[in-house]
Amino acid sequence: MATTTVRASGAPPGRSDPKVWFRVHRRARQPRLRLVCFPHAGGSAQFFESWPALLPADIELLAVRYPGRQNRLLAPFAPDLPSLADDIHSALDAYLDRPLALFGHSMGSSVAYEVALRLDSRGLAPTRLLVSGRAAPHHAARTGLHTTDDETLIAAVRQLGGPGSEVYDDPELRELVLPALRADYRLIETYRPRQPRPLRSPVVAYAGDSDPHCPPDGMRAWSELTGPGGFDYRSFPGGHFYLASSESDLLADITARLA
């Protein structure tokens, strides 16, 4: 097994700097609403770069830049998922002059939920929490891929069919991206809230109809984490990364819900 090091997280300068934490894919002069998008494990803010073209012009899209990749390659990894949510929540202070909606895919769903909890506790509940490709925290399957060897972890990621898995074929690129992937899996696989708190925000759950990792019961369990805001569940054709093939339909649904 090749050794990959998890960098310890401290409180580096700029940990709450919005320019560090968010990529603004489209900046609106007078946004009606901001949609904050949280990538999957091993993913980056670039995953959402095509979305603005399919959203109304008055919705500003922010994509979260997790530490340890791309322009934040040297940033220390978070020690756990709640700590990551703490930092993202702090960085969002710069954007609270407009309503926020949160979208997360896979691991990003859990991070978005934790950030939503923090906003909710301040009386700043998001207008919507949109979760995708991940069962509710108290129903998610327990796995331990972050403790396995590199080949096993990479094989599991390839099985999901996500974009960009060809980077693992290049030894130099693999050395750059694999630590972030393993760190992300550590975050999500050690995140096990037994009694997660419900939100005041409405929650919408999305999944691919052939994604074996997201059974309908697990996705519908997000309904237990909503209050009076309500819950809805919708599936699209495809697997774990249905977002690629069903992008226009997904964005049309999101647009309608944020109208």
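Higher on the page you've got the structure.
Worth saying up front: this structure is predicted, and the values here are computed from it rather than measured. (Residues numbered from 1 in each chain as written. Predicted model: local features only at pLDDT ≥ 70, side-chain atom pairs only at ≥ 80, totals over all residues. Heavy atoms only, no water.)

Peer 1: An account of the overall build of the protein chain is needed here, citing residue identities and associated values.
Peer 2: A tally of regular secondary structure across the protein chain gives 8 helices and 7 strands. Its C-alpha radius of gyration of 17 Å places the protein chain within 12% of the 18 Å reference for a compact globule of 259 residues. The C-alpha extent of the protein chain, read off along each of the three principal axes, is 50 × 40 × 35 Å. A total of 259 residues make up the protein chain; the buried ones form 52% of that total. Across the protein chain, contacts joining residues at least 24 apart in sequence account for 81% of those joining residues at least 6 apart. Of the accessible surface of the protein chain, which amounts to about 11,400 Å², a share of 51% is contributed by carbon and sulfur atoms. Distance between charge centres in the protein chain, computed from 29 positive and 29 negative side chains, equals 7 Å. (Helix = DSSP H or I, 4+ residues; strand = E, 2+ residues; numbered from the N terminus. Rg over C-alpha atoms; globule rule 2.2 N^0.38 Å. Buried < 20%, exposed > 50% of the residue type's maximum accessible area, 1.4 Å probe, protein only. Contact = heavy atoms within 4.5 Å. Areas by Shrake-Rupley, 256 points an atom, 1.4 Å probe, with all protein chains shown as cover. Lys, Arg positive; Asp, Glu negative; His and termini not counted. Charge placed at Lys NZ, Arg CZ, Asp CG, Glu CD.)

Peer 1: Which residues make up the packing of helix H2 (residues 81-91) against helix H3 (residues 107-121), and what are the values?
Peer 2: For the pair H2 and H3, interaxial distance at closest approach is 9 Å and the crossing angle is 55°. Between H2 and H3, the angle falls in the class oblique. Note on packing geometry: the crossing formed by H2 with H3 is right-handed. Of H3, the residues touching H2 (which contributes Leu81, Pro82, Leu84, Ala85, Asp86, Ile88 and His89) are Ser110, Val111, Glu114, Val115, Arg118 and Leu119. Of the residues assigned to the contact of H2 with H3, the class counts are 8 nonpolar, 2 polar and 3 charged. (Axes fitted to C-alpha atoms, helices over the stretch in contact; angles between N-to-C directions. Parallel < 35°, antiparallel > 145°, perpendicular 65-115°, else oblique. Left-handed = near helix turned anticlockwise from the far one by under 90°. Nonpolar A, V, L, I, M, F, W, Y, C, P; charged D, E, K, R; others polar.)

Peer 1: Please set out the nonpolar core residue by residue, giving values where relevant.
Peer 2: Within soluble globular proteins, side chains that are nonpolar generally end up buried alongside one another. Membership of the largest hydrophobic core comes to 51 residues, with the highest contact counts inside it found for Phe22, Phe38, Ile88 and Trp222. For this core, the element with the highest residue contribution is H3, accounting for 8 residues. When sequence neighbours within four positions are dropped, the list of residues in contact with tryptophan 222 reads Ser109, Tyr113, Leu129, Val131, Arg134, Ala135, Ala136, Pro137, Val203, Ala205 and Phe231. Among the nonpolar cores identified, the runner-up in size contains 22 residues, and Leu61, Ala101, Phe103 and Ile254 belong to it. (Core = buried A, V, L, I, M, F, W, Y, C linked by side-chain atoms within 4.5 Å.)

Peer 1: Can you break down the pattern of salt bridges residue by residue, with the values?
Peer 2: What the rule picks out here adds up to 16 salt bridges. One salt bridge in this structure joins glutamate 151 and arginine 174, with 2.6 Å as the shortest N-O distance. Note that glutamate 151 is positioned in helix H4 (residues 150-160) and arginine 174 in helix H5 (residues 171-189), a separation of 23 residues in sequence. A salt bridge links arginine 234 to aspartate 253, with the nearest nitrogen and oxygen atoms 2.8 Å apart. Of this pair, arginine 234 sits in strand S7 (residues 231-236) while aspartate 253 sits in helix H8 (residues 247-257), and the two are 19 residues apart along the sequence. You can call aspartate 253 buried: its relative accessible area is 11%. Each of Arg34, Glu60, Asp97 and Arg98 takes part in salt bridges that share partners, so that together they form one network. (Salt bridge = Lys/Arg side-chain N within 4 Å of Asp/Glu carboxyl O.)

Peer 1: Before we move on, could you go through the environment of aspartate 17 and cite the residues and values that matter?
Peer 2: Note on placement: aspartate 17 falls in the segment before helix H1 (18-21). Distance in space between the C-alpha atoms of aspartate 17 and aspartate 87 is 9.3 Å, their sequence separation being 70 residues. A polar side-chain atom of aspartate 17 sits 2.9 Å from the main-chain amide nitrogen of lysine 19. (Polar contact = N/O pair within 3.5 Å; in protein donor to acceptor, adjacent residues only side chain to side chain.)

Peer 1: Which residues make up the packing of aromatic side chains, and what values do they have?
Peer 2: A full pass over the atoms with the stated rule returns 9 aromatic pairs. Where phenylalanine 47 meets phenylalanine 241, the ring centres are 6.2 Å apart and the plane angle is 70°; that geometry is what we call edge-to-face. Separated by 194 residues along the polypeptide, phenylalanine 47 in the loop between strand S2 (33-38) and strand S3 (59-64) and phenylalanine 241 in the loop between S7 and helix H7 (242-245) bring together distant segments of the chain. On the basis of relative accessibility, which here comes to 21%, the residue phenylalanine 47 falls in the partly exposed class. Arranged with centres 5.9 Å apart and planes meeting at 70°, the rings of tyrosine 113 and tryptophan 222 form a pair that is edge-to-face. In this pair, tyrosine 113 sits in helix H3 while tryptophan 222 sits in the loop between helix H6 (216-220) and S7, placing the two residues 109 residues apart along the sequence. (Phe/Tyr/Trp six-rings, centres within 6.5 Å; stacked < 30°, edge-to-face > 60°.)

Peer 1: Account for the side chain of histidine 105, with residues named and values stated.
Peer 2: Along the chain, histidine 105 falls in strand S4 (residues 100-105). In contact with histidine 105, not counting residues within four places along its chain, are Phe38, Pro39, His40, Ser132, Gly133, His240, Phe241, Tyr242 and Leu243.

Peer 1: Run through the side chain of aspartate 184, naming residues and quoting values.
Peer 2: Assignment of secondary structure puts aspartate 184 in helix H5. Exposure remark for aspartate 184: the relative accessible area of 3% places this residue in the buried category. Ignoring any residue separated from it by four or fewer positions in sequence, one finds aspartate 184 in contact with His40, Ala41, Gly42, Gly43, Tyr66, Arg69 and Met107.

Peer 1: Residue-level account of the packing of H4 against H5, with values.
Peer 2: Orientation of H4 relative to H5, taken along the N-to-C sense of each, is 80°, at an axis distance of 11 Å. As far as their axial angle goes, H5 and H4 are roughly perpendicular. Residues Asp150, Glu151, Leu153, Ile154, Val157 and Leu160 of H4 pack against Arg174, Leu178, Leu181, Arg182 and Tyr185 of H5.

Peer 1: Would you mind going over a nonpolar patch on the surface in detail, with residue names and values included?
Peer 2: A cluster of nonpolar side chains, namely Leu173, Leu176 and Val177, defines an oily patch on the protein surface of about 220 Å² accessible area. Residue position: valine 177 is located in helix H5. (Patch = residues over 30% accessible without salt bridge, like charges linked within 9 Å, V, L, I, M, F, W, Y side chains within 5 Å.)

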